[in-house]
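Analysis of the macromolecular model
Below are the chains, spelled out letter by letter.
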Number of protein chains: 2
Amino acid sequence: MKIQPVSELKTLERSVEQNTEEQRKAVLEILQNVKLEGDKALLNYTEKFDGVSQSSLEVTKEEIDEAVASLDQEMIDIISEAAANIREYHEKQKRQSWFFTREDGTMLGQKVTPLDSVGVYVPGGTAAYPSSVLMGVIPAAVAGVEEIILVSPPGKDGKLPAAVLAAASIAGVKRMFKLGGAQAIGALAYGTETVPKTDKIVGPGNIFVALAKREVFGVCDIDMIAGPSEIAVLADETGNAKYIAADLLSQAEHDPRSAAFLVTTSKDLAEKVAAEVESQLNDLPRKEIAAQAVRDYGAIYIVDSLAEGAEVINRIAPEHLEIMTKDPMSLLGKIKHAGAIFLGEYSSEPVGDYFAGSNHVLPTSGTARFSSPLNVDDFTKKSSVIRYSEQAMKENGRKISAFARLEGLEAHARAVDYRLEDK
Amino acid sequence: MKIQPVSELKTLERSVEQNTEEQRKAVLEILQNVKLEGDKALLNYTEKFDGVSQSSLEVTKEEIDEAVASLDQEMIDIISEAAANIREYHEKQKRQSWFFTREDGTMLGQKVTPLDSVGVYVPGGTAAYPSSVLMGVIPAAVAGVEEIILVSPPGKDGKLPAAVLAAASIAGVKRMFKLGGAQAIGALAYGTETVPKTDKIVGPGNIFVALAKREVFGVCDIDMIAGPSEIAVLADETGNAKYIAADLLSQAEHDPRSAAFLVTTSKDLAEKVAAEVESQLNDLPRKEIAAQAVRDYGAIYIVDSLAEGAEVINRIAPEHLEIMTKDPMSLLGKIKHAGAIFLGEYSSEPVGDYFAGSNHVLPTSGTARFSSPLNVDDFTKKSSVIRYSEQAMKENGRKISAFARLEGLEAHARAVDYRLEDK
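Rules behind the numbers
- Residues numbered from 1 in each chain as written.
- Chains lettered and ligands numbered in written order.
- Predicted model: local features only at pLDDT ≥ 70, side-chain atom pairs only at ≥ 80, totals over all residues.
- Heavy atoms only, no water.
- Least-squares fit on C-alpha atoms with pLDDT ≥ 70 in both.
- Contact = heavy atoms within 4.5 Å.
- UniProt positions renumbered as here; feature names shortened; annotations may be inferred.
- Helix = DSSP H or I, 4+ residues; strand = E, 2+ residues; numbered from the N terminus.
- Polar contact = N/O pair within 3.5 Å; in protein donor to acceptor, adjacent residues only side chain to side chain.
- Pairing = 2+ DSSP bridges.
- Axes fitted to C-alpha atoms, helices over the stretch in contact; angles between N-to-C directions.
- Expected span 1.5 Å × (residues − 1).
- Buried < 20%, exposed > 50% of the residue type's maximum accessible area, 1.4 Å probe, protein only.
- Arc of directions from axis to C-beta.
- Salt bridge = Lys/Arg side-chain N within 4 Å of Asp/Glu carboxyl O.

Points about the relation of the copies chain B and chain A
Once chain B is rotated about the relating axis by 180° and shifted along it by 0.0 Å, it coincides with chain A to within an RMSD of 0.0 Å. These values place the two chain copies in the arrangement generated by a two-fold rotation axis. Using C-alpha coordinates, one finds that chain B approaches the rotation axis most closely at R214 of chain B, a distance of 4.0 Å. Taken as a fraction of all interface residues of chain B, those also at the interface in chain A reach 99%, which identifies the copy contact as same-surface.

Right, here's the structure in full:
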């Protein structure tokens, strides 16, 4: 990793919008066909893109039981304990409906209601990500969503990975489909003979999945357009170079476009971390991916103070931030933009990825400026509640109709005037 | 309005995605030019689309003072009182950062932070909508957003309406620009020499504005893609036909594509409301718009019970719902999908549009299934906070690295293992 001046700070805008017209056309065609032909289109695309010829898309109870039985009991216990921690954290996010009253008899409030149904997309391919299943499903279950549908592309054997099915079962998913890509997004947005139409689609995917989510936004809701991951570490001279290097690499191994930053007040630490990264890279199984990420998107910045460091972090707006200083909590008030903030040397990013309880679906590519981790609010919606009183109408009716007439909306004004006339 | 069987219930999906490829191309070109040429592109498009040749886009302090002075003091007082009510309601939506602790020394929490900057789009054209200014700006101000930018297309005279400027000033906007259409969205998303780049764009607009918001989603955040408005009234035999007809028409006068529904257990009320609508339509200034809306998108449904009525309402998922029954509060638990719920005969929709305090930017076209009224949460974001303890690491570290290895992410596992080895 190179030590660079802050003036060369890289920005993180790596959005899906560039040079994707070709893929967008393909996605529009897929969505259109799923809308028109339903299951038939889904089966065709699954054969074409996943190389699997199926007669049925839904995962059976037998497949789930078989998957759970095939895993070590110890691993099942670990996944179950992680699920319990994630449930505990997300329970704290639940919100109550509320109201307040005015002396004139008016009552105003806000009603919180879970969504009826959501679709959780779990990426497939060569790896299995049971942790992503927990992180997508549990907040929805905690919110009270009744119908949680999981979709994930099948492997060449026509199956979903055992760990994914086990995690889905532990998290409480009732229905799962072997279905990926833009066709899965179309199925969840429009519904088919077997896949239910859902109100919201969450979860990361490849460029086709991201573009398809963008296109169906409005027909249903979506969570966010996820990009490559990133981590930033803010450290002073007390930082442990070995831990910091390991944490930077844990992010770098995800994707050659992952970004890893160290921002530090210590030149000595900067040099030690640079050396540790080189040394730890050597025998990593995903060495090539991590090395490319560190080379292309990694950087170490030396700052004059931790306050300046916090400013640099806010400009990066990282998905993950680790604060490894003598007194990490004292910097929390200076951090405005970060998806998840890890405090102190035992708060390694993988702790949050798997086990602590907070969500690992986080805003990437600088979108922490305006986006939040996946959370229970994402699976509820609010309705305003207005109970206006006779007294309030008498006292304020003329003002309301005057305001409506100022905007040239006479029917609005009259709706109020009729109530006043009858008094 | 026609009385129709429930089996013919119309759905409200009137999204922006149909047949808009032509407009989308135009929007992409505008966005690209704004990105490349900044203010120069803005001035050119404003001349082309708004017919106004300007040297500067920003509204001056003199223009604002002049606007405020040109309005009646009584009107200023009404707008100010509405603003105070809106502020009171939205203050209740503010959320605290929170944390909880575990016995092993772990602390987990969620930090709530306002966005740095937002853009509020206010539609222009023939009418002025100061109420939309209040509804877009006040929740952002309550959230603590420091930079609130207002944009609105200028009239032929090169000015923004006095009422819009006055409302913006009352709501606390510091900077306003005479700028509309897709070019305004591009300016707020990318920033130009004079218009600051913002983190989120809110507010309704025409098809070009809606498509531009869709395209920049991800570069910044957006609120929602607003469609035509709708109202549904759920009433029993105690409903007042005159009030109900007036409220249906107050929605219908907005747009020829506005929808207005009555769902009632009373055949007698259904007939009276149908007659009242015809009679009240006669002398409305916006008669043609309202009549077309009622004819094309209006319907009265007779149901057997209020419980069935609530089900019909949930299928419609109306932007506005009025419950005009003997005991409206008792039905609130049955309503799952509605943007704003008005209870009882004095809670006429215009009361909420202008004055009560709840927001009038509501989910339209059935999106109340998954969307909420504009609210303070829309102008804040959350960060997870994780402080894992030494004890927690000792007790759980092996489980975390086992989980990481199950997913094939060795660098994640090692980041944890290094901490365990050092113990």
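Comments concerning the UniProt feature "active site" (unreviewed entry) in chain A
All names here are of chain A. Taking the numbering used here, the UniProt-annotated feature "active site" (unreviewed entry) corresponds to E319 and H320. Assignment of secondary structure puts E319 in the loop between α12 (306–316) and β12 (320–324). With respect to the element layout, H320 can be found in strand β12. H320 has contacts with E230, I231, A232, Q251, A340, F342, E349, D353 and L362, leaving out every residue within four places of it along the chain. A distance of 2.9 Å separates a polar side-chain atom of H320 from the backbone oxygen of E230.

Brief notes about the sheet that holds strand β13 (residues 340–343) of chain B
Read across the sheet, nine strands follow the order β2(A)-β3(A)-β14(A)-β13(B)-β12(B)-β9(B)-β10(B)-β11(B)-β1(B) without closing on themselves; strand pairing throughout is mixed. The open sheet is flanked by β2 (98–101) of chain A together with β1 (3–4) of chain B, the only strands paired with a single partner. Note: strand β3 (residues 107–114) of chain A against strand β14 (residues 380–387) of chain A, eight bridges, orientation antiparallel. What sits directly across from Q110 of chain A, in β14 of chain A, is S384 of chain A. With respect to the sheet, helix α12 (residues 306–316) of chain B is in contact with β9 (230–235), β10 (259–264) and β12 (320–324) of chain B, its orientation differing from that of β9 of chain B by roughly 170°.

Things to note about helix α10 (residues 267–281) of chain B
All names here are of chain B. The terminal C-alpha atoms of α10, which comprises 15 residues, lie 21 Å apart, in line with the 21 Å expected from a rise of 1.5 Å per residue. When α10 is considered as a whole, its buried residues turn out to be L269, A270, V273, A274, V277, Q280 and L281. Projected down its long axis, α10 shows its buried positions confined to an angular sector of 140°, all on one face.

Observations regarding the pattern of salt bridges
Evaluation of the coordinates by the stated rule reveals 59 salt bridges over all chains. One salt bridge connects K399 of chain B with E81 of chain A, and the closest N-O pair in it is separated by 2.9 Å. Of this pair, K399 of chain B sits in helix α14 (residues 390–406) while E81 of chain A sits in helix α4 (residues 73–91), each in a different chain. A salt bridge links D377 of chain A to R95 of chain B, with the shortest nitrogen-to-oxygen separation between them at 2.4 Å. With D377 of chain A in the loop between α13 (349–354) and β14 and R95 of chain B in the loop between α4 (73–91) and β2 (98–101), the pair connects residues from two separate chains. Across the pair, R95 of chain B and D377 of chain A agree in class, each one buried.

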